[in-house]
Amino acid sequence: MSVWLLPENIADMLPREAREIERLRETFLKLTKSHGCEMVKPPMIEYVDSLLTGTGNDLDLRTFKIVDQSSGKMLGFRADMTPQIARIDAHILNREGISRLSYAGSLLHARPLHPVASRQPYVAGVELFGSTSSASDIEVLNLALECLKAFGLKDIHLDIGHVFVVKAIVERDPNCEKVMPKILYALKHKDRSALEELSGVIEDSTIDALRKIMRMFGGIEVLDEIEKEFSDYPLILQTIEQLKWIADRCIADKLSFDFSDVHGYQYLTGITFGVTIPQRYQAVLRGGRYDSIGAKFGRNRPAVGFTLYLREIAQVLPTKRPYAVMAPWDDGDKALNEAIRKLREEDRIVVQILPEDRIESLEESFRLDEELIKEDGEWKVVRRYTK
Ligand SMILES: N[C@@H](Cc1c[nH]c[nH+]1)C(=O)O
């Protein structure tokens, strides 16, 4: 085996990708800071027990685990930052009232999210703790969408779900509890036969109601249809009303609803949302409400948040080479060096050309439209190419 080979689904971030990721990260940090979010940086590695507190099997299977040589305890690499941020809110900050925390960094996945996904996703997100209100849901949801818009994504299609719709149905049938993973599998894959196989285990009326939920997805009109169909389920009516309120205020270009798929990890307990770009397997945005992790950490803190998958976003944005000014190299020319310093101070990129530089290679990375030349004894930036 060649020594420079990397493991499957692990790749370097080369200049184009690294540049795009940094641009997205900067845009994200600036925008979320302006909304009052404070950044935190949890560690890459933690005890598995705390890393997986309140989460489900899905995250467990995705977590790389190793034994800590100094304590003998099991450590895990973070496969998701949301539970870490919940731990920080619950135990380290210990604040009253609301906290808005932002984060950005790499994750490690033992199994990729889909066959061609990187096992080292780069994510950025926000988690808001301390409010159960729909106002906090819409604040977080619209901030996520604003980030996508600021990145340059167009025609953003948001998918909304809510855990309470299925919950209201299965709560009426005590037999559901023991086959919940099967029910969730059937719903997630819209697999009618997997649902029908549960006949005899759960009530036929439950199967019928779940089958309806599986079929009822689409635009905003779905909310009215569900309201009519499930008029004797107070929890569903209340949830739909709340979602209509959110839909009225949501800044997505297109909205759709699907209550059979809970987009994301199993800790979600309320509204769920996601944005998937057509032809991409994986969501570029996932989020929702998760009110129970805090309680499992010993402090009952309601929470809602979102995670952006920056590598997937960078892949769909057009590549833009940055502009750069070409300049000669002359150690002794004070005026030249001063002119270069000034340009760099103005955030311009200036590349001083060394004898070994190849302009064709440089042009793969930069748009070298301008150069610094001496005219009438003064260093000036002029266009390199005349149209
Ligand atoms: N961290 C979750 C999304 C999320 C953030 N907050 C709540 N949910 C994910 O990556 O799927």
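Residues numbered from 1 in each chain as written. Predicted model: local features only at pLDDT ≥ 70, side-chain atom pairs only at ≥ 80, totals over all residues. Heavy atoms only, no water.

Asker: Just checking my understanding: could you explain the side chain of Arg 87 for this structure?
Answerer: Locating Arg 87 in the fold gives a position in helix H4 (residues 82-93). We classify Arg 87 as buried; its relative accessible area is 16%. With residues up to four places along the chain from it excluded, the contact list for Arg 87 reads Pro 42, Pro 43, Glu 46, Ser 50, Ile 92 and Phe 297. (Helix = DSSP H or I, 4+ residues; strand = E, 2+ residues; numbered from the N terminus. Buried < 20%, exposed > 50% of the residue type's maximum accessible area, 1.4 Å probe, protein only. Contact = heavy atoms within 4.5 Å.)

Asker: Before we go on, may I ask you to explain the site of the ligand in this structure?
Answerer: Neighbouring the ligand are 14 residues; Asp 80, Thr 82, Arg 286, Thr 307 and Tyr 309 lie closest to it. Between the ligand and the protein, one listed contact pairs a nitrogen atom with a side-chain N or O atom of Glu 127 at 2.9 Å. Gly 305 has a polar backbone atom sitting 3.3 Å from a nitrogen atom of the ligand. Protein contacts shield 98% of the accessible area of the ligand, which totals 300 Å² for the unbound molecule. Counting residues per element, the ones that place at least two in the shell around the ligand are strand E10 (283-289) and strand E11 (303-309). Of the residues forming the shell around the ligand, the biggest block, four residues, is contributed by E11. In terms of residue class, the shell around the ligand is made up of six nonpolar, five polar and three charged. (Near = heavy atom within 4 Å. Polar contact = N/O pair within 3.5 Å; in protein donor to acceptor, adjacent residues only side chain to side chain. Areas by Shrake-Rupley, 256 points an atom, 1.4 Å probe, with all protein chains shown as cover. Nonpolar A, V, L, I, M, F, W, Y, C, P; charged D, E, K, R; others polar.)

Asker: Where do I start with the sheet that holds strand E12 (residues 323-327) in this structure?
Answerer: Either a parallel or an antiparallel arrangement is found when strands of a sheet pair, and the pairing is made through backbone hydrogen bonds. Read across the open sheet, the four strands follow the order E13-E12-E14-E15; overall the sheet is mixed. Sheet topology places strand E13 (350-352) and strand E15 (378-383) at the edges, where each strand pairs with a single neighbour. Averaged over all pairs of adjacent strands, the angle between strand axes in this sheet comes to 30 degrees, irrespective of strand direction. The strands touched by helix H14 (residues 334-345) are E12, E13, strand E14 (367-375) and E15; relative to E13, the strand with the most contacts, the crossing angle is about 145 degrees. (Pairing = 2+ DSSP bridges. Axes fitted to C-alpha atoms, helices over the stretch in contact; angles between N-to-C directions.)

Asker: I'm lost on the packing of aromatic side chains in this one. Help?
Answerer: Pairs of aromatic rings are described using the distance from one ring centre to the other and the angle between the two planes. A full pass over the atoms with the stated rule returns four aromatic pairs. Here the aromatic rings of Phe 129 and Tyr 290 are separated by 6.4 Å at their centres, their planes lie at 90 degrees, and the arrangement is edge-to-face. One end of the pair, Phe 129, is in strand E6 (residues 122-129); the other, Tyr 290, is in the loop between E10 and helix H12 (293-296), and 161 residues separate them in sequence. The burial state of Phe 129 is the same as that of Tyr 290; both residues are buried. Residues Phe 230 and Tyr 233 carry aromatic rings whose centres are separated by 5.4 Å and whose planes lie at 70 degrees to one another, so their mutual orientation is edge-to-face. Comparing Phe 230 with Tyr 233, the two get one shared label, buried. Put simply, the rings of Phe 129, Tyr 267 and Tyr 290 pair up and form one aromatic cluster. Geometry around Tyr 233 places Arg 172 over its ring, the cationic atom sitting 3.7 Å from the centre. (Phe/Tyr/Trp six-rings, centres within 6.5 Å; stacked < 30°, edge-to-face > 60°. Lys NZ or Arg CZ within 6 Å of the ring centre and 35° of its normal.)

Asker: Help me understand the pairing of E14, please; the structure alone is not making it clear to me.
Answerer: The side chains of a regular strand alternate, first on one face of the sheet and then on the other. Here E12 runs beside E14; their pairing, made up of three bridges, is parallel. Bridge assignment links Val 325 to a residue of E14, and that residue is Glu 370. With six bridges connecting them, E14 and E15 associate as antiparallel partners. Among the inter-strand pairings, Lys 374 is bridged to a residue of E15, identified as Trp 379. Counting the residues that bridge the hairpin from E14 to E15 gives two residues, and of these Asp 376 lies at a positive phi of roughly 50 degrees.

Asker: Would you explain the pairing of strand E9 (residues 271-276) in this entry?
Answerer: When you tally the buried positions in E9, you get five out of six residues, the bulk of the element. Where strand E7 (residues 157-162) meets E9, five bridges bridge the pair, whose relative direction is antiparallel. Each bridged residue has a counterpart across the sheet, and for Leu 158 the counterpart in E9 is Val 275. By the bridge criterion, five bridges tie E9 to E10 in an arrangement that is antiparallel. Residue Val 275 lies in a different strand from E10, and its bridge partner there is Leu 285.

Asker: Got a minute to help me understand the pattern of salt bridges in this structure?
Answerer: Should their charged atoms come close, side chains of opposite charge can pair. Overall, the coordinates contain 29 salt bridges when judged by the stated rule. Across the pair Arg 25 and Glu 22 runs a salt bridge whose closest N-O atoms are separated by 3.9 Å. In this pair, Arg 25 and Glu 22 both sit in helix H1 (residues 15-34), three residues apart, roughly one turn of the helix. Residue class for Arg 25 comes out buried when judged on its relative accessible area of 18%. The exposure class assigned to Glu 22 is partly exposed, which follows from its relative accessible area of 39%. In this structure, Asp 333 engages Lys 374 in a salt bridge whose closest nitrogen and oxygen atoms are separated by 3.9 Å. A residue pair is termed long-range when its members are at least 10 positions apart, and Asp 333 in the loop between E12 and H14 and Lys 374 in strand E14 qualify at 41 residues. (Salt bridge = Lys/Arg side-chain N within 4 Å of Asp/Glu carboxyl O.)

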